[in-house]
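Listed here are the chains, written in short residue letters.
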Amino acid sequence: MPQKPIFIHVAPAAPVFGRYTYSIDSDILTEISIGQRVLVPFGRRKITGYITDIDVEPANKDMTIKPIDSILETAPFFPGEMLELFAWIADYYKYPLGLTIEAALPQGINITESIMYVLAENADPAELIDNRQNIMQLVASKPRTLKSLQRASGMPLKETRREVNRLVATGRIKAELTLQNQSAKPKTEKWVRLNVDA
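These remarks concern the structure in this document. Since this is a predicted model, take the numbers as computed values, not measurements. (Residues numbered from 1 in each chain as written. Predicted model: local features only at pLDDT ≥ 70, side-chain atom pairs only at ≥ 80, totals over all residues. Heavy atoms only, no water.)

1. Description of the sheet that holds strand S5 (residues 70-71)
Argument step 1. An order of S2-S1-S4-S3-S5 is seen for the 5 strands of this open sheet, with the pairing classed as antiparallel. Either end of the sheet is taken by a strand with one partner, and the two such strands are strand S2 (20-24) and S5.
Argument step 2. Sheet topology places strand S3 (residues 37-42) next to S5; 2 bridges connect them, and they run antiparallel. Within S5, the position partnered with Leu-39 by the bridge is Ser-70. (Pairing = 2+ DSSP bridges. Helix = DSSP H or I, 4+ residues; strand = E, 2+ residues; numbered from the N terminus.)

Pasting the structure below:
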C-alpha cells in the first residue's frame, strides 16, 4: 500500500519571498524537525532550504507538489523557537525568510547545484583555434564552471558564454549538473602544554 505523503513548508536560501510546500514520505516524519536543512528542487536546480512547518495542508490540493531531494543533517541547525524571531526580522526588513536564516548561520554551509563543463569523449582541442581551442584545453585539464572559464581565459563573460554554448552545441564539450559542496570547515587550534614529568 503506497504511503501517504506528508507536506512541509521550506524557506529556500534564495532571493524569493514566501515558504514553499514540499512532500516527504510519512516513514521519515520522525526524522525531521523545524530548523533542519534540506536539499530541494527549485526550478531547474537544487538548493538548500530550511524546514519551517511540518505536516501542513497544501494551499492548492490540485497542484503537483515535488518531494524534497534529501535531508542534509540529522539535527536542526537552529531551535524551532528561533523561527519566530527570523520571521519577524524578515518581515521588518522586507527580506526573504530563507536568506534571513542563512545570514544568521555560519557562512559556507549551503549546497547548491551548478553546471560544470567537461571535455567530450574523442574531442580534440587541436581541431580548433583561438578562443574555442583555449576553452577546450581548459576543460580538458579539469571540469570548470562558466565563471572559472571566464577568469582562466581572460575573455569577457558574454563572449565566454557564447563560445561555450557553441562548443556544447557541436558536441565538443558537455555541460553536467553537479552539487557544490559546502565550503565551511571546522576551525582547529593547536595547544602546547608543559610536560612536568620530562
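2. Structural notes on the environment of Ile-173
Argument step 1. With respect to the helices and strands, the residue Ile-173 is situated in strand S7 (residues 173-180).
Argument step 2. Assessed through its relative accessible area of 2%, Ile-173 is described here as buried.
Argument step 3. Each C-alpha atom of the pair Ile-173 and Val-139 lies 7.9 Å from the other, and the pair is 34 residues apart in sequence.
Argument step 4. When sequence neighbours within four positions are dropped, the list of residues in contact with Ile-173 reads Tyr-117, Val-118, Leu-119, Ala-120, Met-136, Val-139, Val-164, Leu-167 and Val-168. (Buried < 20%, exposed > 50% of the residue type's maximum accessible area, 1.4 Å probe, protein only. Contact = heavy atoms within 4.5 Å.)

3. With respect to the pairing of S3
Argument step 1. Of all 6 residues in S3, 6 are buried; the element is thus mostly enclosed.
Argument step 2. Burial along S3 is two-sided: the residues Arg-37, Leu-39 and Pro-41 and Val-38, Val-40 and Phe-42 are all buried.
Argument step 3. Relative to strand S4 (residues 45-54), S3 runs antiparallel, the two sharing 6 bridges. Bridge pairing links Pro-41 to Lys-46 in S4.
Argument step 4. What sits between S3 and S4 in their antiparallel hairpin is a turn of 2 residues, with Gly-43 showing a positive phi close to 70 degrees.

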